[in-house]
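Each chain, letter by letter, is given below.
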Amino acid sequence: MMSIRVIVAGANGRMGLEVVKLIQQTNHFTLACGVSRSQAGKDVGEVVGVGKMNAPFVRSVEEALTQFPADVMVDFTTPHVVQKHMELAIEAGVRPVVGTSGLGEQEIQELKQTCKDRRMGAIIAPNFAIGAVLMMVFAAQAAKYMPHVEVIEMHHDQKLDAPSGTSVKTAELIAANRQEIKQGHPEEKEMITGARGADYQGFRIHSVRLPGLVAHQEVLFGGAGQLLTIRHDSLNRESFMPGVKLAVEKVMELDHLVYGLENILDL
Ligand SMILES: NC(=O)C1=CN([C@@H]2O[C@H](COP(=O)(O)OP(=O)(O)OC[C@H]3O[C@@H](n4cnc5c(N)ncnc54)[C@H](OP(=O)(O)O)[C@@H]3O)[C@@H](O)[C@H]2O)C=CC1
Ligand SMILES: O=C(O)C1=N[C@H](C(=O)O)C[C@H](O)C1
């Protein structure tokens, strides 16, 4: 298998640490460098606790892309910087594999166009856990027959964005298959603002944030005399790594941007 050199943006974060371990454990992946504003100059492997990897932390994505030859940049940072990071990587000819949530429809469309113009592969995956992708695809199938639906996403209390990227992607897939109806009583009145959650094309997304949670989602469908619940739980961040590995390999074959891991799985 061809060797792939990877930059990890956010390498000192919860997800970035797991990506560094994945790279260390995968023979055909090599870490070019990690990006962290607080760890610059240190060896990434030593900081992560997997032993010296002979790849340093640098302060910014700009520095990483100009100083370290790479094929792919994996980004797990924050909604505020992810679009800029992707643009810089594409400009430098480095394929982005992005898990960072918070990119809006408009931003994704712009990035799609940039990739198309440059014939550049890129992957944005709202969720890299294969089980979560199946949960989204199954929910989209169920929506054809059970249009009354509500989404409950539950995450750790350090999460910056709400609703989660996964729940937005789930809602998009459901909406593509669901007859549009306004759910609930027509005269329903919220006694406390937000009680009914966020409205996505007539159905609701509810966000729960609690310490102890990692990443969980339930999609509830209601029909006359029946309920269907489709649920996925990520119990740790290793759960995302098989999807990240697949995306880093697949992006090397692409000449356009793919949004959602379901588009590169054989489903
Ligand atoms: N698609 C998926 O499957 C998954 C996606 N996610 C998403 O990934 C993202 C990261 O999650 P998580 O690892 O838990 O978050 P963390 O907060 O643990 O890590 C984010 C890292 O981003 C870096 N960062 C923060 N602000 C900036 C900035 N302005 N410029 C450059 N780097 C910055 C920080 O590094 P430093 O301070 O060292 O510079 C930090 O370590 C989130 O958007 C989350 O929703 C999470 C899990 C799975
Ligand atoms: O912040 C997280 O943790 C996660 N974010 C992603 C999202 O917004 O859906 C993916 C996963 O749910 C974990």
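Cut-off values and rules
- Along each chain, numbering runs from 1 in the same order as the chain's sequence is written.
- Here every chain gets a letter starting at A, and every ligand a number starting at 1, in the order they are written.
- Local features are withheld for residues below a pLDDT of 70 in this predicted model, meaning they are given only at 70 or higher, and side-chain atom pairs are given and counted only at 80 or more; totals for whole chains, interfaces and linings count all residues.
- UniProt positions are given in the numbering used here, feature names are shortened, and annotations may be inferred rather than shown by experiment.
- The rule is simple: place the C-beta atom from the backbone, and if it lies within 6 Å of a molecule or strand, the residue is near it.
- The classification used treats Ala, Val, Leu, Ile, Met, Phe, Trp, Tyr, Cys and Pro as nonpolar, Asp, Glu, Lys and Arg as charged, and all other residues, Gly among them, as polar.
- Only when DSSP finds a minimum of two bridges between them are two strands counted as paired.
- Counting from the N terminus, the helices are DSSP H or I runs at least four residues long and the strands are E runs at least two residues long.
- Here, axes are lines fitted to C-alpha atoms. For helices the fit covers the stretch in contact, and angles between N-to-C directions go from 0 to 180 degrees.
- Note on contacts: residues are paired as contacts if their backbone-placed C-beta atoms lie within 7 Å.
- Throughout, the edges of the domains are those of an automatic or database domain assignment.
- If the strands point away from the viewer and the path from the first strand over the helix to the second runs clockwise, then the crossover is right-handed.

As recorded in an unreviewed UniProt entry, the protein chain goes by 4-hydroxy-tetrahydrodipicolinate reductase and comes from Thermoflavimicrobium daqui. For the record of the protein chain, the UniProt heading Sequence similarities (unreviewed entry) holds the text "Belongs to the DapB family."

So, about the site of ligand 1. Surrounding ligand 1, one finds 24 residues, the nearest of these being Gly13, Met15, Ser36, Arg37 and Gly99. Grouping the amino acids of the shell around ligand 1 by side-chain chemistry returns 7 nonpolar, 15 polar and 2 charged.

Moving on to the sheet that holds strand E9 (residues 203–209). The 5 strands lie next to each other as E8-E9-E7-E10-E11, forming an open sheet whose pairing is mixed. In this open sheet, the two strands that pair with only one neighbour each are strand E8 (198–200) and strand E11 (226–234). Taken pair by pair, the neighbouring strands of this sheet meet at an average axis angle of 20°, ignoring direction. Against the sheet, helix H6 (residues 130–143) engages strand E7 (149–155), strand E10 (215–223) and E11, with an angle of about 160° to E11. The strands touched by helix H7 (residues 165–177) are E7, E8, E9 and E10; relative to E7, the strand with the most contacts, the crossing angle is about 165°.

Parsing the protein chain into structural domains produces domain 1 (4–124 + 237–263) and domain 2 (130–234). If you average the C-alpha positions of domain 1 and of domain 2, the two centres end up 29 Å apart. A class-by-class count of the residues in the side of domain 1 that touches domain 2 yields 4 nonpolar, 6 polar and 1 charged.

Strand direction decides the pairing type here: strand E1 (residues 4–9) and strand E2 (residues 29–35), joined by 6 bridges, are parallel. The residue of E2 that forms the bridge with Arg5 is Thr30. In this fold, E1 hands off to helix H1 (residues 14–25), which returns the chain to E2; that crossover is right-handed. Strand direction decides the pairing type here: E1 and strand E4 (residues 72–75), joined by 4 bridges, are parallel. From the neighbouring strand, Ile7 faces E4, where its bridge partner is Met73.

The next subject is the sheet that holds strand E12 (residues 257–259). The sheet built from 7 strands is open, its strands ordered E3-E2-E1-E4-E5-E6-E12 with parallel pairing. Among the strands making up the open sheet, the edge pair consists of strand E3 (57–58) and E12. With 2 bridges connecting them, strand E5 (residues 95–98) and strand E6 (residues 122–124) associate as parallel partners. Bridge assignment links Val97 to a residue of E6, and that residue is Ile123. Contacts from helix H4 (residues 82–91) reach E1, E4, E5 and E6 within the one sheet, and its direction differs from that of E5 by about 155°. Set on the sheet, helix H5 (residues 105–118) makes contact with E6 and E12; between it and E12 the angle comes to about 150°.

As a further point, take the environment of Thr78. Inspection of the secondary structure puts Thr78 in the loop between E4 and H4. Sequence-wise, Thr78 and Leu160 are 82 residues apart; in three dimensions their C-alpha atoms are separated by 8.0 Å. If sequence neighbours within four positions are ignored, Thr78 has contacts with Thr100 and Leu160.

This brings us to the site of ligand 2. Neighbouring ligand 2 are Ser101, Pro126, Asn127, His155, Lys159, Ser164, Gly165, Thr166 and Ala215. Each residue belonging to the shell around ligand 2 can be placed in one class, and the counts come to 2 nonpolar, 6 polar and 1 charged.

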